[in-house]
Amino acid sequence: MLIVVAGLPGTGKSTLAKAIAREREAVYLRIDTIEQAIRDANGVMGDVGPAGYVAAYALTLDNLRLGRIVVADSTNRLMITRKAFRATALAAGASLIEIELICSDQSEHRRRVETRSIDIPGLSAPDWASVGRQAAETEPWDRPPIRLDTAGRTIAESIAELSALIDRH
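Residues numbered from 1 in each chain as written. Predicted model: local features only at pLDDT ≥ 70, side-chain atom pairs only at ≥ 80, totals over all residues. Heavy atoms only, no water.

## Considering helix α5 (residues 106–115)
Residues separated by three or four positions in an α-helix point in the same direction, a consequence of the helix having 3.6 residues per turn.
Now for step 1: The set of residues buried in α5 consists of E108, H109, R112 and V113. Viewed along the axis of α5, the buried residues span an arc of 135°, placing them on a single side of the element. Residues Q106, S107 and T115 are exposed on α5 and point more than 90 degrees away from its buried face.
Now for step 2: Buried positions along α5 lie against α6 (128–137). (Buried < 20%, exposed > 50% of the residue type's maximum accessible area, 1.4 Å probe, protein only. Helix = DSSP H or I, 4+ residues; strand = E, 2+ residues; numbered from the N terminus. Arc of directions from axis to C-beta. Contact = heavy atoms within 4.5 Å.)

## Examining the layout of surface pockets
Now for step 1: Taken as a whole, the largest pocket spans an internal volume of roughly 1,300 Å³.
Now for step 2: As for the largest pocket, its lining consists of 50 residues, of which P9, K13, D32, R116 and P126 are closest to the centre.
Now for step 3: For the lining of the largest pocket, the elements supplying multiple residues, two or more each, are α1 (13–24), α2 (31–42), α5, α6 and α7 (155–168).
Now for step 4: Along the lines of polarity and charge, the residues of the lining of the largest pocket split into twelve nonpolar, 20 polar and 18 charged.
Now for step 5: As for the second largest pocket, its lining consists of 17 residues, and the residues nearest its centre are G7, L8, E100, L101 and I102.
Now for step 6: Only β1 (2–7) and β4 (96–102) provide two or more residues apiece to the lining of the second largest pocket. (1 Å grid on protein atoms, 1.4 Å probe; cavity = no way out; pocket = protein on both sides within 12 Å on 5 of 7 lines; lining within 4 Å. Points joined across faces, edges and corners; volume = space filled by probe spheres on them. Nonpolar A, V, L, I, M, F, W, Y, C, P; charged D, E, K, R; others polar.)

## So, unusual backbone geometry
Now for step 1: Positive phi is not limited to glycine here, since E25 has a value of about 50°.
Now for step 2: Mapped onto the elements of the fold, E25 is located in the loop between α1 and β2 (27–30).
Now for step 3: For N76, which is not glycine, the phi dihedral falls at a positive 50°.
Now for step 4: Mapped onto the elements, N76 comes out in the loop between β3 (70–73) and α4 (79–92).

## Digging into the nonpolar core
Now for step 1: With 18 residues, the main nonpolar core has I3, V5, V71, I99, L162 and I166 as its most contacted residues.
Now for step 2: Going through the elements one at a time, β1, α1, β4, β5 (146–149) and α7 are the ones with two or more residues in this core.
Now for step 3: In terms of residues, this core owes the most to one element, α1, which gives five residues.
Now for step 4: Among all residues touching L162, those that are not within four sequence positions of it are L16, I20, I99 and L148.
Now for step 5: Membership of the second largest hydrophobic core comes to 16 residues, among which are L29, I31, Y57 and L96. (Core = buried A, V, L, I, M, F, W, Y, C linked by side-chain atoms within 4.5 Å.)

## Points about the sheet that holds β5
Backbone-to-backbone hydrogen bonds join strands into a sheet, with any given pair of strands oriented parallel or antiparallel.
Now for step 1: The strand order across the open sheet formed by five strands is β2-β3-β1-β4-β5, and the pairing between neighbours is parallel. Single-partner strands in this sheet number two, and they are β2 and β5. Within this sheet the neighbouring strands show an average axis-to-axis angle of 20°, counted without direction.
Now for step 2: Bridge count for β1 against β3 is four bridges, and the pairing is parallel. Looking at the pairing, V5 lines up with D73 of β3.
Now for step 3: Together, β2 and β3 form the strand contacts of α2, whose direction differs from that of β2 by roughly 60°. (Pairing = 2+ DSSP bridges. Axes fitted to C-alpha atoms, helices over the stretch in contact; angles between N-to-C directions.)

## Focus: the pairing of β4
Now for step 1: Of all seven residues that make up β4, six are buried, and the element is covered over most of its length.
Now for step 2: The pairing of β1 with β4 spans six bridges and is classified as parallel. Considered in β4, the bridge of I3 is made with I97.
Now for step 3: Note that β4 and β5 share four bridges and pair parallel.

If you want it as C-alpha coordinates, here you go:
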(Lines give C-alpha, C1' and ligand atoms only; values in the text may rest on other atoms or scores of the structure.)
Protein backbone atom coordinates (compact mmCIF):
# COMPACT_ATOMS: atom_id res chain seq x y z
CA MET A 1 0.00 0.00 0.00
CA LEU A 2 1.17 3.52 -0.83
CA ILE A 3 -0.10 6.31 1.39
CA VAL A 4 0.67 9.74 -0.06
CA VAL A 5 0.30 12.55 2.47
CA ALA A 6 0.14 15.94 0.74
CA GLY A 7 -0.41 19.51 1.81
CA LEU A 8 1.14 22.90 2.22
CA PRO A 9 3.87 23.52 4.79
CA GLY A 10 2.34 24.04 8.24
CA THR A 11 -0.67 21.76 7.77
CA GLY A 12 0.84 18.99 9.92
CA LYS A 13 1.88 16.85 6.97
CA SER A 14 5.24 15.59 8.24
CA THR A 15 4.07 15.16 11.83
CA LEU A 16 1.08 13.08 10.76
CA ALA A 17 2.90 11.16 8.03
CA LYS A 18 5.61 10.11 10.50
CA ALA A 19 2.97 9.04 13.03
CA ILE A 20 1.13 6.94 10.43
CA ALA A 21 4.41 5.38 9.29
CA ARG A 22 5.29 4.44 12.89
CA GLU A 23 1.80 3.12 13.57
CA ARG A 24 1.80 0.94 10.45
CA GLU A 25 5.50 0.03 10.55
CA ALA A 26 5.80 1.57 7.09
CA VAL A 27 8.70 2.97 5.13
CA TYR A 28 8.68 6.76 5.46
CA LEU A 29 9.89 8.85 2.50
CA ARG A 30 10.03 12.61 2.87
CA ILE A 31 10.69 14.69 -0.23
CA ASP A 32 12.29 17.48 1.85
CA THR A 33 14.87 15.02 3.20
CA ILE A 34 15.66 13.64 -0.25
CA GLU A 35 15.91 17.10 -1.81
CA GLN A 36 18.19 18.39 0.96
CA ALA A 37 20.46 15.34 0.55
CA ILE A 38 20.70 16.14 -3.19
CA ARG A 39 21.59 19.76 -2.37
CA ASP A 40 24.21 18.66 0.14
CA ALA A 41 25.75 16.10 -2.22
CA ASN A 42 25.94 18.53 -5.13
CA GLY A 43 26.76 21.70 -3.20
CA VAL A 44 23.76 23.50 -4.66
CA MET A 45 21.24 25.85 -3.14
CA GLY A 46 17.57 26.25 -3.99
CA ASP A 47 15.40 24.14 -6.24
CA VAL A 48 16.71 20.74 -7.33
CA GLY A 49 14.00 20.32 -9.96
CA PRO A 50 12.28 16.95 -10.21
CA ALA A 51 15.26 14.99 -8.81
CA GLY A 52 13.81 14.56 -5.30
CA TYR A 53 10.48 13.29 -6.54
CA VAL A 54 12.08 10.99 -9.14
CA ALA A 55 14.29 9.46 -6.42
CA ALA A 56 11.22 9.06 -4.19
CA TYR A 57 9.29 7.23 -6.93
CA ALA A 58 12.17 4.76 -7.37
CA LEU A 59 12.51 4.15 -3.62
CA THR A 60 8.74 3.82 -3.30
CA LEU A 61 8.58 1.25 -6.09
CA ASP A 62 11.43 -0.81 -4.59
CA ASN A 63 9.73 -0.89 -1.19
CA LEU A 64 6.25 -1.60 -2.54
CA ARG A 65 7.67 -4.52 -4.51
CA LEU A 66 9.10 -5.84 -1.24
CA GLY A 67 5.56 -5.83 0.14
CA ARG A 68 6.14 -2.85 2.42
CA ILE A 69 3.67 -0.09 3.17
CA VAL A 70 5.15 3.24 2.07
CA VAL A 71 4.16 6.65 3.43
CA ALA A 72 5.27 9.45 1.09
CA ASP A 73 5.40 12.95 2.59
CA SER A 74 5.37 15.81 0.07
CA THR A 75 3.45 18.91 -0.89
CA ASN A 76 2.36 17.00 -4.02
CA ARG A 77 0.92 20.22 -5.45
CA LEU A 78 1.18 19.29 -9.11
CA MET A 79 -0.83 16.87 -11.22
CA ILE A 80 2.39 15.45 -12.69
CA THR A 81 3.61 14.31 -9.25
CA ARG A 82 0.22 12.89 -8.32
CA LYS A 83 0.09 10.90 -11.56
CA ALA A 84 3.64 9.66 -10.99
CA PHE A 85 2.81 8.39 -7.49
CA ARG A 86 -0.29 6.70 -8.94
CA ALA A 87 1.79 5.09 -11.69
CA THR A 88 4.30 3.89 -9.10
CA ALA A 89 1.57 2.20 -7.05
CA LEU A 90 0.11 0.66 -10.20
CA ALA A 91 3.51 -0.65 -11.34
CA ALA A 92 3.93 -2.38 -7.99
CA GLY A 93 0.36 -3.71 -7.92
CA ALA A 94 -0.20 -1.78 -4.70
CA SER A 95 -3.24 0.07 -3.45
CA LEU A 96 -3.02 3.84 -3.18
CA ILE A 97 -4.44 6.25 -0.64
CA GLU A 98 -4.09 9.95 -1.43
CA ILE A 99 -4.49 12.31 1.51
CA GLU A 100 -4.52 16.09 1.47
CA LEU A 101 -4.07 17.94 4.74
CA ILE A 102 -5.32 21.48 5.06
CA CYS A 103 -5.47 24.05 7.83
CA SER A 104 -8.59 26.13 7.22
CA ASP A 105 -7.84 28.62 10.00
CA GLN A 106 -5.50 31.08 8.28
CA SER A 107 -4.17 32.64 11.50
CA GLU A 108 -3.44 29.21 12.98
CA HIS A 109 -1.80 28.12 9.74
CA ARG A 110 0.36 31.25 9.66
CA ARG A 111 1.36 30.79 13.30
CA ARG A 112 2.42 27.20 12.56
CA VAL A 113 4.50 28.27 9.57
CA GLU A 114 6.18 31.12 11.43
CA THR A 115 6.94 29.18 14.64
CA ARG A 116 7.84 25.71 13.42
CA SER A 117 11.28 24.25 13.77
CA ILE A 118 12.98 22.41 10.93
CA ASP A 119 14.38 18.98 11.72
CA ILE A 120 16.45 18.57 8.53
CA PRO A 121 19.93 20.12 8.83
CA GLY A 122 20.52 22.73 6.14
CA LEU A 123 16.87 23.00 5.09
CA SER A 124 15.42 26.51 5.14
CA ALA A 125 11.91 26.90 6.47
CA PRO A 126 9.45 28.53 4.08
CA ASP A 127 8.05 31.86 5.17
CA TRP A 128 4.36 32.72 5.08
CA ALA A 129 4.68 34.52 1.73
CA SER A 130 6.21 31.46 0.06
CA VAL A 131 3.45 29.24 1.49
CA GLY A 132 0.96 31.65 -0.08
CA ARG A 133 2.74 31.34 -3.44
CA GLN A 134 2.68 27.54 -3.13
CA ALA A 135 -1.06 27.67 -2.38
CA ALA A 136 -1.66 29.81 -5.48
CA GLU A 137 0.38 27.38 -7.63
CA THR A 138 -1.33 24.23 -6.33
CA GLU A 139 -3.19 22.48 -9.12
CA PRO A 140 -6.70 21.14 -8.52
CA TRP A 141 -7.07 17.42 -7.88
CA ASP A 142 -8.55 15.43 -10.76
CA ARG A 143 -10.08 13.01 -8.28
CA PRO A 144 -10.84 13.86 -4.68
CA PRO A 145 -8.28 12.78 -2.11
CA ILE A 146 -9.11 12.00 1.49
CA ARG A 147 -9.09 15.51 2.96
CA LEU A 148 -8.40 16.27 6.60
CA ASP A 149 -8.57 19.73 8.15
CA THR A 150 -6.08 19.95 11.03
CA ALA A 151 -7.26 23.38 12.22
CA GLY A 152 -8.39 23.44 15.84
CA ARG A 153 -7.30 19.85 16.47
CA THR A 154 -4.55 18.49 18.62
CA ILE A 155 -1.90 16.35 16.98
CA ALA A 156 -3.35 13.29 18.73
CA GLU A 157 -6.84 14.07 17.42
CA SER A 158 -5.53 14.53 13.89
CA ILE A 159 -3.56 11.27 14.03
CA ALA A 160 -6.60 9.35 15.29
CA GLU A 161 -8.85 10.82 12.60
CA LEU A 162 -6.32 10.18 9.84
CA SER A 163 -5.76 6.61 10.98
CA ALA A 164 -9.52 6.00 11.01
CA LEU A 165 -9.85 7.47 7.51
CA ILE A 166 -7.09 5.17 6.23
CA ASP A 167 -8.70 2.15 7.89
CA ARG A 168 -12.03 2.93 6.21
CA HIS A 169 -10.41 3.25 2.80
